[in-house]
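Each chain is listed here by its residues.
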Amino acid sequence: MEGSEELESSLLTQPWASVCFGESTFLAKACFRDTGYILLISDLSSVWYESADVEVVGQRSKELNKRLTVHVSSFLHRLRKLMCSLLAGQPDTATSFSCHHIAGGLSLHVKSELSGLPFYWDFHCCPAPVEMVSRHLVRPLIRMSLALQYQVQGLTSLLLQKDAEIEDYRESGATLSRDRLRTEPFRQDMFQQNFMAESLPQICDAGEGQAFASALQQLYTAVTQQEVKQARKRQRSENTEDPAPAAETAGHPHPPPPSQEDETASSSEGTMPASSPAQKPRLPVAKAKPKKAKGLFS
């Protein structure tokens, strides 16, 4: 059975998506399995989550859907379909979502249909721990920023090389067939100034809901997949290092410890006095000469 830790690891590689509930915009991600689900949602001021196993899903489904008698797996399948459509920006037209803040958390209400009957569900989200926020939001964003910085450096270097190539063509007498294609040499400092003065304000005014566009979702997934690979590599390394002493023992077995009897005998031999009979040299024994048999008439 897939545990909550493995479910969260699967959630890590799921990209954030922008969703709207009424006039409120959120970032959300979710992962559903046959063993349960985990949902992570944020308004960029707070982060909430819910992790529910089969037992919780079964109990809540009975409370909210008394007329439905389907198996728990059917509830999970329906929830996954509805949430995946919502996160993909294609919500089911027959489904409505609403959310409201509750004491210390966030409640997300779902109203839909299942097997021709009304289907209701409530996600009861509580504040996410700091470590979860760091793992799913802070660290990936830092790595994404670093990756984009390297990408910009690579593109800048490529532009400078292209300018040098074009200048070489010009010096060789080459001319453009269409003058509208003419460009000015790339100047990194001027580009940076224009970006800060013109493009950056427009990006910031776009709203928090545009935080993860399609390209950034792909980058987020790629970054988190690398983190998962590194975590698995570290775990394999730790598992390999732990049993090393046992492996060495198996490869080069030590002789078994001497028994008590062996130790006693060895001790007796080592402390035996020199005059002991066991230490005396044996003298050669002369063979007796055979005597002649004497007969009756000899």
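The coordinates are above.
Keep in mind it's a predicted model, so treat the numbers as computed, not measured.

Colleague: Explain the overall build of the protein chain here, please?
Modeller: Broken down by element type, the protein chain carries eight helices and seven strands. Burial status across the protein chain gives 26% buried among its 298 residues. In the protein chain, the proportion of contacts linking residues at least 24 apart, taken out of those at least 6 apart, comes to 53%. Only carbon and sulfur atoms are counted for the fraction: they give 54% of the accessible area of the protein chain, which is about 21700 Å².

Colleague: Any chance you could explain unusual backbone geometry here in plain terms?
Modeller: Outside of glycine, negative phi angles account for most residues, and trans bonds account for most peptide bonds. The phi angle at Leu44 is positive, at roughly 65°, despite the residue not being glycine. Checked against the element boundaries, Leu44 lands in the loop between β3 (36–42) and β4 (47–53). Given the relative accessible area of 41%, Leu44 is considered partly exposed. Even without being a glycine, Ser115 presents a positive backbone phi close to 60°. Tracing the backbone through its elements, the reader meets Ser115 in the loop between β6 (105–114) and β7 (117–127).

Colleague: Help me understand the environment of Ser18, please; the structure alone is not making it clear to me.
Modeller: Positionally, Ser18 belongs in strand β1 (residues 17–21). Accessibility expressed as a relative area gives 31% for Ser18, which makes it partly exposed. The spacing of Ser18 and Ala213 is 195 residues in sequence and 8.5 Å in space, taken between C-alpha atoms.

Colleague: Please explain the pattern of salt bridges as it appears in this structure.
Modeller: A side chain of one charge can pair with a side chain of the opposite charge when the charged atoms of the two come close. Under the criterion given, the structure shown has seven salt bridges. The partner of Glu8 in a salt bridge is Arg135, and the shortest N-O contact between them spans 3.7 Å. Of the two residues, Glu8 is situated in helix α1 (residues 4–12) and Arg135 in helix α4 (residues 130–171); the sequence distance between them amounts to 127 residues. The same class applies to Glu8 as to Arg135, namely buried. Between Arg60 and Glu50 there is a salt bridge, with the nearest N and O atoms lying 2.7 Å from each other. Pair noted here: Arg60 is in helix α2 (residues 54–64) and Glu50 is in strand β4, with a separation of 10 residues, a long-range link.

Colleague: Help me understand α1 in this model?
Modeller: An α-helix turns once per 3.6 residues; consequently, residues spaced three or four apart project the same way. Of all the positions in α1, only Leu7, Glu8, Ser10, Leu11 and Leu12 are classed as buried. Elements in contact with the buried residues of α1: β2 (24–33), β3, α4 and α6 (214–241).

Rules used in this analysis
- Residues numbered from 1 in each chain as written.
- Predicted model: local features only at pLDDT ≥ 70, side-chain atom pairs only at ≥ 80, totals over all residues.
- Heavy atoms only, no water.
- Helix = DSSP H or I, 4+ residues; strand = E, 2+ residues; numbered from the N terminus.
- Buried < 20%, exposed > 50% of the residue type's maximum accessible area, 1.4 Å probe, protein only.
- Contact = heavy atoms within 4.5 Å.
- Areas by Shrake-Rupley, 256 points an atom, 1.4 Å probe, with all protein chains shown as cover.
- Salt bridge = Lys/Arg side-chain N within 4 Å of Asp/Glu carboxyl O.

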